[in-house]
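Topology and contacts: notes
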Amino acid sequence: MASGEETLVYEILSGDVNSYALLVKRYQKPIYNLMMRMTGSEQDALDLTQETFVRAYEKLEKFNPSAPFFPWLYTMGLNLARDFLRKEKGSPIESCEPDNSFSIEIDQDDGLAEQIDVQEVLKGLQTLPVDYREALLLRFHEGLSVSEVAYALGLSLSAAKMRIHRGLLKLRQLFEKQ
Amino acid sequence: MQKTPVNIEKDLKRIAGLIADIRYAEPPESLTESVLATIKPKKLTFWERLWRRLRTPVSVSPLRMFSAGASVLAVFAFAVALLWRDPGERIVTRGINQVTHHTLNTVVLFLDRPDATAVEVIGSFNNWSQKGVSMVWDKDRGLWVGALSLKPGSYEYAFRINNREIIADPKAILNRDDGFGHQNSILIIGNGNGGETKI
C-alpha cells in the first residue's frame, strides 16, 4: 500500500469524506483510462469511474488497510466494467488463451525494437485479451509488483508472471508481422 | 539473421519501456466533486474505530521522524519565546513549524496538491527569482513539503505548481493582492521587530 494510505482509510472510516477525495484524485486517472479501454466511450468511462469510487467507498469497511489499496480498487473497477459490457452492451468478454497457444517466430532481422513507438504499442495493447493488456499496464505503466498485479487481476503469482511475459511476447509478435 | 535470446529480451525491455511512456487521458476535473457529492460521511462506533486503529500499521520514515522532531522543537521554541519575550512583543504564528537557528528561522510550508508533479515556493525572500525553492512530496502526509531559512521579517510568497500555475497558500492567514489580480500569501517571522514586507 502506498505509504500514508492506511491513515487515510482510517480517517475516511472515521467520517472524514475529504480524505477520500485524496484517494480519488490519486487514482482517478488510471481508473478512468481503464474504463476508456474497456468501453471506448468517454461518457461510459466517466460513469463507470464514478461508480467504481462510490462502490469502493461503500465497501471500505471490508478493505484490509494493511493490503494495497490500488489493486483492490482496480479489481472492483475491472469487475464493474466487465458487468457493464455483459449487461449493457452484450459484448463477449475475451477469455485468455491457453498457455500453450503462443509461439513466436525468431527469423526477423535485428532492429525490431528500434522500429516501434508508443502509439504502436498502444494500438497493439488494444488487440490483446483484457488480462494480458491489463497485466502489462499494471506492471509497467502503474509500476505494481507482480504480486499486486496478481491480486488486481485475481490470478496466482505464476499466472500473473505468465501473463506479463506472454503479453510482451504477443506484442512483439504483432510488430514482427507488420 | 536470426533473433538471439538476448535480442528478443532487448525487444521485450523496449516494449515494456514504451508501455511505461504511454500518456493517459486526463479525467474530467469534476470527477472528484461528483464522487464526493454521492457519498455520505461514515459513522463508526468507538470500538470499531479503536479496533481499526489497532489494526492499522504505523509506518516510520526519516521524513516523518524529522517532522515529528521539528514539531517538538517548534513547540519548545514557542514555549520559550512565550516565557522570555519582552512585554508588548508581537508573535505571529501560523500553520507552520518554526525552528530557531541562530539568526535564521527554518519555516516548513505544506501544500495539499496530490495531483501536482512539481511544486516550488517563490517569493520576496529571494526577490521573486524564477528559481524557487523546490518542495518534496511527503507520501506519509500526502502533502508537498518545503523548508525556507529566513531572517526575521515579513515576506510574500506563493506556490508554483507544475512550473506554470501560481497560487497563494490556501492555509495562509494573511494574503495580499499583488496588483495583478492575484493573491500572495504573507509570512511573518517575528522577534518583535516586525520588519517591512519585502516586495
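Residues numbered from 1 in each chain as written. Chains lettered and ligands numbered in written order. Predicted model: local features only at pLDDT ≥ 70, side-chain atom pairs only at ≥ 80, totals over all residues.

1. Concerning the overall build of chain B
- The number of helices and strands found in chain B is 4 helices and 11 strands.
- Among the 199 residues that make up chain B, the fraction classed as buried is 20%. (Helix = DSSP H or I, 4+ residues; strand = E, 2+ residues; numbered from the N terminus. Buried ≥ 20, exposed ≤ 12 C-beta atoms within 10 Å, placed from the backbone.)

2. Points about the overall build of chain A
- Broken down by element type, chain A carries 9 helices and 0 strands.
- N-terminal to C-terminal, the α/β element order of chain A is α-α-α-α-α-α-α-α-α.
- Of all 178 residues assigned to chain A, the portion counted as buried reaches 38%.
- In chain A, of all internal contacts separated by at least 6 residues, the share reaching a separation of at least 24 is 64%. (Contact = placed C-beta atoms within 7 Å.)

3. A look at helix H6 (residues 118-126) of chain A
Residues and elements named next belong to chain A.
- Val 121, Gly 124 and Leu 125 are the residues of H6 that are buried. One side of H6 holds all its buried residues, which, seen down the axis, span an arc of 100°. Exposed residues on H6 whose side chains face more than 90 degrees from its buried face are Gln 119, Lys 123 and Gln 126. (Arc of directions from axis to C-beta.)

4. Quick word on the pairing of strand S7 (residues 153-161) of chain B
Residue and element names in this part refer to chain B.
- Two strands pair when backbone bridges link them, and strand S3 (residues 119-123) and S7 are joined in this way by 5 bridges, in the antiparallel orientation. Among the inter-strand pairings, Glu 120 is bridged to a residue of S7, identified as Arg 160.
- Sheet analysis places S7 next to strand S10 (residues 183-189), joined by 5 bridges and oriented antiparallel. In the strand pairing of S10, Glu 156 is matched with Ile 186.
- Two strands pair when backbone bridges link them, and S7 and strand S8 (residues 165-167) are joined in this way by 3 bridges, in the antiparallel orientation. Bridge assignment links Phe 159 to a residue of S8, and that residue is Ile 167.
- Taking the residues between adjacent antiparallel strands as the criterion, S7 and S8 are bridged by 3 residues, where Asn 162 takes a positive phi near 55°. (Pairing = 2+ DSSP bridges.)

5. Considering the nonpolar core
- The biggest cluster of nonpolar side chains holds 51 residues, and the ones touching the most others in it are A:Met35, A:Leu73, A:Ala135, A:Leu136 and A:Val149.
- When residues in this core are grouped by element, the largest group, 10 residues, is from helix H2 (residues 17-39) of chain A.
- When residues of this core are assigned to domains, at least three fall in each of domain 1 (5-89) and domain 2 (99-177) of chain A.
- Excluding residues within four positions of it along the chain, A:Met35 makes contact with A:Asp44, A:Ala45, A:Leu48, A:Thr49, A:Gly77 and A:Ala81.
- Counting 18 residues, the second-largest nonpolar core is a separate cluster that includes B:Val107, B:Ile122, B:Met135 and B:Tyr155. (Core = buried A, V, L, I, M, F, W, Y, C linked by C-beta atoms within 7 Å. Domains from an automatic or database assignment.)

6. Details of unusual backbone geometry
All names here are of chain B.
- Of note in the backbone geometry, Asn 162 takes a positive phi value of approximately 55° without being a glycine.
- Structurally, the position occupied by Asn 162 is in the loop between S7 and S8.
- The class of Asn 162 is exposed, set by 12 C-beta atoms lying within 10 Å.
- You will see that Asn 163, though not glycine, has its phi angle at about 65°, which is positive.
- Note on Asn 163: 12 C-beta atoms within 10 Å, which makes it exposed.

7. Topic: the environment of A:Val121
- Its place among the elements puts A:Val121 in helix H6.
- Residue A:Val121 is classed as buried on the basis of its 23 C-beta neighbours within 10 Å.
- For the pair formed by A:Val121 and A:Leu174, sequence separation is 53 residues and the distance between their alpha carbons is 9.5 Å.
- With sequence-adjacent residues up to four places away left out, A:Val121 is seen in contact with A:Ile116, A:Leu171, B:Ile15, B:Leu18, B:Ile19 and B:Ile22.

8. Side note on the pairing of S10(B)
- Here S10(B) lies mainly inside the structure; 5 of its 7 residues are buried.
- Between the end of strand S9 (residues 175-177) of chain B and the start of S10(B), which pair antiparallel, lie 5 residues, with B:Gly179 showing a positive phi angle near 90°.

9. Looking at the confidence of the model for chain A
Residue and element names in this part refer to chain A.
- Chain-level statistics for chain A give a pLDDT mean of 84 and a share of 82% at 70 or above.
- For chain A, the element scoring lowest by mean pLDDT is helix H5 (residues 112-115), at 64; helix H3 (residues 42-58) scores highest, at 95.
- A low-confidence stretch, residues 95-108 stays under pLDDT 50, and its non-local contacts, those more than four residues away or across chains, total 19 contacts. (pLDDT = per-residue confidence, 0-100.)

10. Looking at helix H1 (residues 5-13) of chain A
Residue and element names in this part refer to chain A.
- Listing the buried residues of H1 in full gives Glu 5, Glu 6, Leu 8, Val 9, Ile 12 and Leu 13. The buried residues of H1 occupy one face: seen down the axis, they fall within an arc of 160°.
- Once H1 finishes, Gly 15 follows within two positions and takes phi at roughly 110°, a positive value.

11. Quick word on the packing of H1(A) against H2(A)
Residue and element names in this part refer to chain A.
- Contact geometry of H1 with H2 gives a least axis separation of 7 Å together with a crossing angle of 140°. Put simply, H1 runs oblique to H2. Pair H1 / H2 crosses with left-handed handedness. Note on element contacts: H2 touches H1 through Ser 19, Tyr 20, Leu 22 and Leu 23, opposite Leu 8, Glu 11 and Ile 12.
- Looking at the contact of H1 with H2 residue by residue, the classes come out as 5 nonpolar, 1 polar and 1 charged. (Axes fitted to C-alpha atoms, helices over the stretch in contact; angles between N-to-C directions. Parallel < 35°, antiparallel > 145°, perpendicular 65-115°, else oblique. Left-handed = near helix turned anticlockwise from the far one by under 90°. Nonpolar A, V, L, I, M, F, W, Y, C, P; charged D, E, K, R; others polar.)

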